[in-house]
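# Remarks on the overall topology
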Amino acid sequence: FHYIYKVILSFKMKRFLFFTLVVVNSTLVLGQNVYRDYQDGKVYVKFTPTSIKSIAFEDPFNIPLGKMGELSKTLSKYGVTKISKPFHQANDDKVLPYVLRLDFSQVKSVNSFISELIEVPGVEYAEKVPLMKTDAVPNDPQFATAGGSVHLNQINAQNAWNVFNGNSNITVAIVDNAVMWTHVDLVANTYTNAGEIPGNNIDDDGNGYKDDVNGWDAADNDNNPVPTNSLMLHGTHCAGIAGARTDNTVGVASIGWNIKIIPIKAETNNGATNNVSAGYEGIIYAVKAKARIISCSWGGLGSSATEQSVITYAWQRGSIIFASAGNSNNNILNYPGAYNNVFCVAAVNPSNVKSSYSNYGTWVDISAPGDNILSTIPYTSTATYQQLSGTSMATPLVAGLAGLMLSKSPFMTRNDVLNCLSSTAVNIYSLGANAAFVAGNQLGAGRIDAFAAMNCASTFSALPPVANFYAFPKNTCPNT
């Protein structure tokens, strides 16, 4: 068994501090040989800053085994094949630059490996790397004429667009398996990094990424976030829900109207189509791209201190992370949704009743429609749309609404946005079918109401704050 100690502290819906001990059984399942909810043959290791000075200038994607000093013997013993710094771009953080990820072949000896690692001087902790999967439940394909507005009508989107329907520079990062941003219904709403000169193989804007003009592939470390096959449709679908171009006589509408989508690919070109193996690296890129909103429609039962540090890094630098609650119809903590400083989204059906698949729990913050949502999917020649269901679909709906709110009032704080979403949500607990989830508000504050949320956002000024103060004396000690 793997034991996880979890402290949950979050927003208004999580009004108390509590501790949960999660027991994850090591039952074998297809694709994982050791622990169901963790990636085989991968561990995170956190070092003290001084203990890894010798590798400070090595290639962060491929650190030579021989550079690890006395630790090299232990690494060889367990068949370490690759050493990398997965979060090296977060060089302004106190934790993440000193985390290494070790890929190793003796996968069944992971616990022994961790036990030996934590005894090494300079190692603060070692832990397994959680396995993240998309939270979608696919239906049979249904195309552009099939129910594209049901979920938007349900949340009162048309009236919300009366509050704001102009152009917007608010960025919503879609961190997912891949995003076909070239889709005819997405391309006009895709973020363009004006600080990069395309194709010169230089990091012109100094954010740690070369030629990231239209997003990033965090899994393959290149600037092409487009899926390599049509089965990697999940991220493109989520992107369309949050930010498909609206009022353009093409395809579907999105709640975000004309927000800017940052496409971030977080699964390798040849990886499993339902995995998001580099989701947290994708979050780091979203932060470096200054995304106001980050949408994560994926998760798993595995958790780690390192990945909580990634979430904390994003929150401390101004981003709001929305994550799906999961599709297992239970209240077991699902990550990243259950991490601190994540706004977690459950799904409801068109009747505002909890969707049959949706997870629930006191760690959920809000609910949104998730059933049979029509949105964009990848294609080769003809614009394509499909209906999918899941908390994966509910999450970008909330993220897109948050982007619309910031489009109206861009100087709202993160807590302003989250409080407006929560305080204006429709009470769905009066419905008999939801009665089982009343205790602890296990479906969050209720179902989002886009119009009410936009009215709340309208109470905040669209102008930047004014510094209305002065200091006496005006001089301070040098360098203070």
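Use the structure listed above.
Every chain is numbered on its own, with residues counted from 1 as its sequence reads. Totals for whole chains, interfaces and linings use every residue, but because this is a predicted model, local features are given only for residues with pLDDT of at least 70 and side-chain atom pairs only at 80 or more, for both listing and counting. Water and hydrogen atoms were dropped before computing side-chain values, which therefore reflect all heavy atoms in the structure.

### Thoughts on the nonpolar core
- Here, the term nonpolar core denotes a set of buried Ala, Val, Leu, Ile, Met, Phe, Trp, Tyr and Cys residues that are joined through side-chain atoms within 4.5 Å. Each residue gets one of three labels from its accessible area relative to the maximum for its type: buried under 20%, exposed over 50%, partly exposed in between, using a 1.4 Å probe on protein chains only. Grouped together as the largest cluster of nonpolar side chains are 61 residues, with contacts concentrated most on I255, F322, L401, M405, L421 and I448.
- By definition, any uninterrupted DSSP run of H or I lasting at least four residues is a helix, any uninterrupted run of E lasting at least two residues is a strand, and each is numbered from the N terminus. By residue number, the principal contributor to this core is helix α8 (residues 391-408), which donates 10 residues.
- Contacts between residues were defined by any pair of non-hydrogen atoms, one from each residue, lying within 4.5 Å. With residues up to four places along the chain from it excluded, the contact list for I255 reads L152, I155, A157, W161, I241, A242, L397, G400, L401, L404 and A450.
- Grouped together as the second largest cluster of nonpolar side chains are 51 residues, F87, Y209, Y335 and Y429 included.

### Thoughts on the pairing of strand β5 (residues 99-104)
- Most of β5 sits inside the fold, with 6 of its 6 residues counted as buried.
- Side chains of β5 alternate between two faces, with V99, R101 and D103 and L100, L102 and F104 buried alike.
- If DSSP finds at least two bridges between two strands, the strands pair. When strand β3 (residues 38-47) meets β5, the two strands line up antiparallel, connected through 5 bridges. Residue pairing across strands places Y44 opposite R101, the latter belonging to β5.
- As paired elements, strand β4 (residues 80-84) and β5 share 4 bridges and run antiparallel to each other. By the bridge assignment, I83 is partnered in β5 with L102.

### Here we look at the pairing of strand β14 (residues 320-324)
- Most of β14 is tucked away: 5 of the 5 residues are buried.
- Side chains I320, F322 and S324 of β14 all project onto a buried face; the interleaved residues I321 and A323 project onto the opposite face, where all are buried too.
- Bridging between β14 and strand β15 (residues 343-348) involves 3 bridges; their strand directions are parallel. Opposite A323, over in β15, you have C344 as the bridge partner.

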